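# Geometric and topological summary
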Amino acid sequence: MTLARRTRMLRAALALLVVAAVAWAGAMALGSAGTDAAAPDATAPAESDLAYLWVRVTARDEEAQALEVEVVDGELGGHRRGQIPAGSTGTLGCSELLTGVSGIKVGTTWVVSYVDEGQVALPVTLYGIESPEHFGGA
């Protein structure tokens, strides 16, 4: 393996580590922001207000904090699937994500959540983004 390839691999691994650390720190800050850890975050939607979709990233716009995606089929366990059909393409607004879009690669698959207001087409604004492994997928 060449030094240049090792360097690229190390940079990619470091970028993923930074994204994970920022996400973890954000989650910890949200969890410990109030004095009562059991009290729900006033700005966070209830789980029952969220819908989930599997998406494949087709393009990324860091300046606009947006992803272009295609909705794909995937298992969501007990989570509610959004009404946007598989095969749909469009934009996901990522301005609410703590991590931004810089660590999200084109061609990768993710499970995203958004506040369900009966949308049947994209665009939507993301509430969260998870690895498919979290939902039992590959």
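Just so it is clear, the structure is predicted and the values come from calculations on it, not from any experiment. (Residues numbered from 1 in each chain as written. Predicted model: local features only at pLDDT ≥ 70, side-chain atom pairs only at ≥ 80, totals over all residues. Heavy atoms only, no water.)

### Examining the overall build of the chain
A count of helices and strands for the chain gives 1 helix and 5 strands. Starting at the N terminus and ending at the C terminus, the chain contains elements arranged as α-β-β-β-β-β. Scored against the burial criterion, the 138 residues of the chain give a buried share of 28%. When the accessible area of the chain is evaluated, it comes to approximately 8,700 Å², of which 58% is carbon and sulfur surface. (Helix = DSSP H or I, 4+ residues; strand = E, 2+ residues; numbered from the N terminus. Buried < 20%, exposed > 50% of the residue type's maximum accessible area, 1.4 Å probe, protein only. Areas by Shrake-Rupley, 256 points an atom, 1.4 Å probe, with all protein chains shown as cover.)

### Things to note about the nonpolar core
Counting 18 residues, the largest nonpolar core has L53, V55, L67, V69, I84, L92 and L122 as the members making the most contacts within it. When residues of this core are traced back to their parent elements, those giving at least two are β1 (50-61), β2 (66-72), β4 (109-115) and β5 (124-130). Here the element with the most residues in this core is β1; it accounts for 4 residues. Apart from residues no more than four positions distant in its own chain, L53 is found in contact with V71, G82, I84, W110, V111, V112 and Y114. In this structure, Y52, W54, V72 and L76 belong to the second largest nonpolar core, which totals 7 residues. (Core = buried A, V, L, I, M, F, W, Y, C linked by side-chain atoms within 4.5 Å. Contact = heavy atoms within 4.5 Å.)

### What to know about the environment of T108
Tracing the chain through its elements places T108 in the loop between β3 (89-93) and β4. Classification of T108 by relative accessible area gives partly exposed; the value is 25%. Linking T108 and V57, residues 51 residues apart in sequence, is a C-alpha distance of 5.7 Å. For T108, the contacting residues outside a window of four places in its chain are V55, R56 and V57. Polar contacts involving the side chain of T108 include one to the side chain of W110, which spans 2.8 Å. (Polar contact = N/O pair within 3.5 Å; in protein donor to acceptor, adjacent residues only side chain to side chain.)

### Regarding the confidence of the model for the chain
Of the residues in the chain, 70% reach a pLDDT of 70 or more, and the chain-wide mean stands at 81. For residues 29-40, every residue scores under 50 in pLDDT, and the model assigns this stretch 1 contact once sequence neighbours within four places are set aside. (pLDDT = per-residue confidence, 0-100.)

### What about the side chain of S113?
Among the secondary structure elements, S113 is positioned in strand β4. For S113, a relative accessible area of 6% translates into the label buried. Excluding its chain neighbours within four sequence positions, the residues that come into contact with S113 are L50, A51, Y52, L126, Y127 and G128.

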